[in-house]
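# A structural walkthrough
Spelled out from the first residue to the last, the chains are:
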Amino acid sequence: MRILIMALCLCLQLAVAAAANVPLMPIRDLRPGMLGVGKTVIQGDTIEEFNVEILGVQGSEATGYSVFVRLYGDLIEKTGGVAQGMSGSPVYVDGRLVGAVAFGKVFNDPHYCFLTPIGRMLSLLDEPKAVPNDWLPKGTSLQAAGFTEYGLQYLKEKLQPMGLDAVGNAGAGQGSSKALEPGSAVGASIMQGDMTLGALGTVTWTDDKGNVLAFGHPFMQRGNSNFFMTKAWVLGVVPNMQSSYKVGNMGEAIGSFTQDRASGIGGSQGIVPKTIPVFVTANDIGRGQGNSIRVQVVEDEKLAPAIVDAAVINTLSKTVDRNGGGTARIHFTITGVDSKKKPLVIDRENMFYSSDALLKNVNAELSEAMTILLQNKFEAVQLYGVNVEAQVSEQVQVAEIQRVKAGTDKVQAGAKLAIDVTMKPYRGEDFTRTVYFKVPKDHPGGKLNLQVRGGSSMAWIIELLRKQQQEGVPAAKKQEQRRTLADYVQATNNADKNNEIIVDIASGQQQMNANPNAQDAGLAGMLAGSPFKQKYPFDFIIDGEGEISVEVISR
């Protein structure tokens, strides 16, 4: 049976190779000392050749083979050996395709490297296995373009928990106008537009159906994947003591890479991947400066929240052009549909303040909202777009509640109670504003304690998610407590804001809560407050709290 399966695989590879009109060199035919040529681009889009000597074959049928080679010639001397971005460069012996330049070792002689045999790469075109939902990419350096120094560092911090890194040696600009062929430069990208994020490599193999194999090693080893396939323009090769690398531009998207595995990446030209359109505008009120960006981010539930977050922070960094504190007002809208094509909309506006690191403290709500939608346990969603508007100022727009006072000691059930709230702004004089609380009409009478506080933002969402993870509550029980995805969306839209005064029945008196689901909601229900909670927005962030007590006269 095993022989039959191997024969079928060989027949499939031969059929695919025939479509590409290129003969293959099986591993069994390789001998030490054989000489060949490789193809790659080190400037613009001109494919050049370098010399290759076969030194031996490593591995087995069970573990997979690698071909150990030495690279030499004028081109290799120019690049200083194997450079990052040469991965995927096809190598031919006697006109037959052996495989792709795949990897070497840092600080070793860069003239030596391993090839991934073409037979292993061709299997990518008929890969049936699906990647688990919790699969995370490991150990890949992404090339970023359009990022400030601060924005790049922020991106690196967001990628680090996923085992990824980013470097700022890529460019966004015009790619090659030539058709892809073995040896062409190619890009695999997860973000396109005014900012780009991806990796440059080399095409190993193409056929007349538009299929492409490249890299000879994984991009992020995502298995079934969803990346932009882009044309590329190589600006040059930068020598480096650790490892030389290509610098270039990732151009227009021309297709999709749908497989990302140990032997390389594979995909097809023609159809680009599903994406999330993102539009960000940022204004520095004090300086009168503004910026905006448009990008397309691939639909990836693990990566998209971090990438969108980084794109927003980078736009803010470019706009304010400084580090430090200040106040920001952020308004974002996320639109999409659920599994039944019913609309999903999260629309939030909030204010944020930090004394020393504003940019790191303004985007938690957007990041959490994206995570809730894309990584929820209820159903798959499709996002249609993310729009973000940000205003930033160096001013400290914060006021602290000093005292609260009820307008009367007694109030009728169902009536409005006036509450004077005295606040002190930063380096300013105290001032008083009046808010109101409508007493529940069915209050039984007696003492009523009210809490008056500044908004708690999205802290309840973050704490709820952390608590669920720590408790390890079974999924069925969580389903009862948080009923549907729509409940999460509604709770996110209605969450308290930092620039609100919130008046609610004090903790311990909420037994009169008429909501039968309140107790089932656990921590979330407690933080959401009672059904009688009332909010009042202001143009500044409000800290602090106070309590008042009044006597309610029942009807």
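Up top you'll find the structure we're talking about.
Figured I'd write up the structure that's included with this text. Just so it is clear, the structure is predicted and the values come from calculations on it, not from any experiment. (Residues numbered from 1 in each chain as written. Predicted model: local features only at pLDDT ≥ 70, side-chain atom pairs only at ≥ 80, totals over all residues. Heavy atoms only, no water.)

### Regarding the overall build of the protein chain
Scanning the protein chain from N- to C-terminus turns up 10 helices and 29 strands. The contacts of the protein chain with a sequence gap of at least 6 include a subset with a gap of at least 24, amounting to 71%. Element-wise, carbon and sulfur atoms account for 49% of the exposed surface of the protein chain, whose accessible area totals about 25,700 Å². (Helix = DSSP H or I, 4+ residues; strand = E, 2+ residues; numbered from the N terminus. Contact = heavy atoms within 4.5 Å. Areas by Shrake-Rupley, 256 points an atom, 1.4 Å probe, with all protein chains shown as cover.)

### Notes on the sheet that holds strand 29 (residues 545-553)
An order of 22-29-25-26-27 is seen for the 5 strands of this open sheet, with the pairing classed as mixed. Each end of this open sheet is capped by a strand with a single partner; those strands are strand 22 (410-412) and strand 27 (534-537). Recorded for the sheet is a direction-independent mean angle of 30° between the axes of neighbouring strands. Where strand 22 meets strand 29, 3 bridges bridge the pair, whose relative direction is parallel. Note on strand 29: the bridge partner recorded for Val-411 is Val-552. (Pairing = 2+ DSSP bridges. Axes fitted to C-alpha atoms, helices over the stretch in contact; angles between N-to-C directions.)

### Focus: a positive patch on the surface
Positive charge collects at one region of the surface, where Lys-416, Lys-438, Lys-441 and Arg-555 lie side by side. Relative to the helices and strands, Lys-438 resides in strand 24 (residues 431-438). Assessed through its relative accessible area of 48%, Lys-438 is described here as partly exposed. (Patch = residues over 30% accessible without salt bridge, like charges linked within 9 Å, V, L, I, M, F, W, Y side chains within 5 Å. Salt bridge = Lys/Arg side-chain N within 4 Å of Asp/Glu carboxyl O. Lys, Arg positive; Asp, Glu negative; His and termini not counted. Charge placed at Lys NZ, Arg CZ, Asp CG, Glu CD. Buried < 20%, exposed > 50% of the residue type's maximum accessible area, 1.4 Å probe, protein only.)

### Thoughts on the sheet that holds strand 6 (residues 112-117)
Reading around the circumference, 1-2-3-6-5-4 is the order of the 6 strands in this closed barrel, with antiparallel pairing throughout. Shown here is a sheet whose adjacent strand axes are inclined to one another by a mean of 45°, direction ignored.

### Topic: the packing of helix 5 (residues 304-320) against helix 6 (residues 364-374)
At a minimum axis separation of 9 Å, helix 5 and helix 6 run at an interaxial angle of 155°. When the interaxial angle is binned, helix 5 and helix 6 end up roughly antiparallel. Here helix 5 runs over helix 6; the crossing is right-handed. Contacts between helix 5 and helix 6 pair Ala-304, Pro-305, Val-308, Asp-309 and Val-312 from the former with Leu-366, Ser-367, Met-370, Thr-371 and Leu-374 from the latter. (Parallel < 35°, antiparallel > 145°, perpendicular 65-115°, else oblique. Left-handed = near helix turned anticlockwise from the far one by under 90°.)

### Here's the deal with unusual backbone geometry
One non-glycine residue, Phe-215, lies in the positive phi region at around 75°. Looking at the secondary structure, you find Phe-215 in the loop between strand 12 (211-214) and strand 13 (223-238). Since its relative accessible area comes to 2%, Phe-215 is described here as buried.

### Focus on helix 5
Residue pairs three or four apart in sequence face the same way in an α-helix, which turns once every 3.6 residues. Here helix 5 spans 24 Å end to end across 17 residues, near enough to the 24 Å set by a 1.5 Å rise per residue. Within helix 5, 16 of the 17 residues are buried, which leaves the element mostly enclosed by the surrounding structure. Backbone geometry just after helix 5 places Asp-321 at a positive phi near 50°. (Expected span 1.5 Å × (residues − 1).)

### Quick look at the packing of aromatic side chains
If you walk through the whole model with that rule in mind, you get 7 aromatic pairs. For the ring pair Phe-68 and Tyr-112, a centre distance of 6.0 Å and an interplane angle of 25° mean the geometry is stacked. Taken as a pair, Phe-68 in strand 3 (residues 64-72) and Tyr-112 in strand 6 lie far apart in primary sequence, 44 residues in all. Where Phe-538 meets Phe-540, the ring centres are 5.5 Å apart and the plane angle is 35°; that geometry is what we call tilted. Across this residue pair, the class does not change: Phe-538 and Phe-540 are buried. The rings of Phe-68, Tyr-112 and Phe-114 are connected pair by pair, giving a single aromatic cluster. The cationic tip of Arg-294 hangs over the ring face of Phe-279; the distance from NZ or CZ to the ring centre is 4.1 Å. (Phe/Tyr/Trp six-rings, centres within 6.5 Å; stacked < 30°, edge-to-face > 60°. Lys NZ or Arg CZ within 6 Å of the ring centre and 35° of its normal.)

### Some remarks on the pattern of salt bridges
Summed over all chains, the structure comprises 14 salt bridges. A salt bridge links Glu-53 to Arg-70; the shortest N-O distance between them is 3.0 Å. Of this pair, Glu-53 sits in strand 2 (residues 47-60) while Arg-70 is found in strand 3, placing the two residues 17 residues apart along the sequence. Its relative accessible area of 26% is what places Arg-70 among the partly exposed residues. Taking the shortest distance from any N to any O, the salt bridge between Glu-157 and Lys-360 comes out at 3.4 Å. Of this pair, Glu-157 sits in helix 4 (residues 149-159) while Lys-360 sits in the loop between strand 19 (343-354) and helix 6, and the two are 203 residues apart along the sequence. A relative accessible area of 45% places Lys-360 in the partly exposed class. Here the salt bridges share partners, and the residues they tie into one network are Arg-453, Asp-496, Lys-533 and Lys-535.

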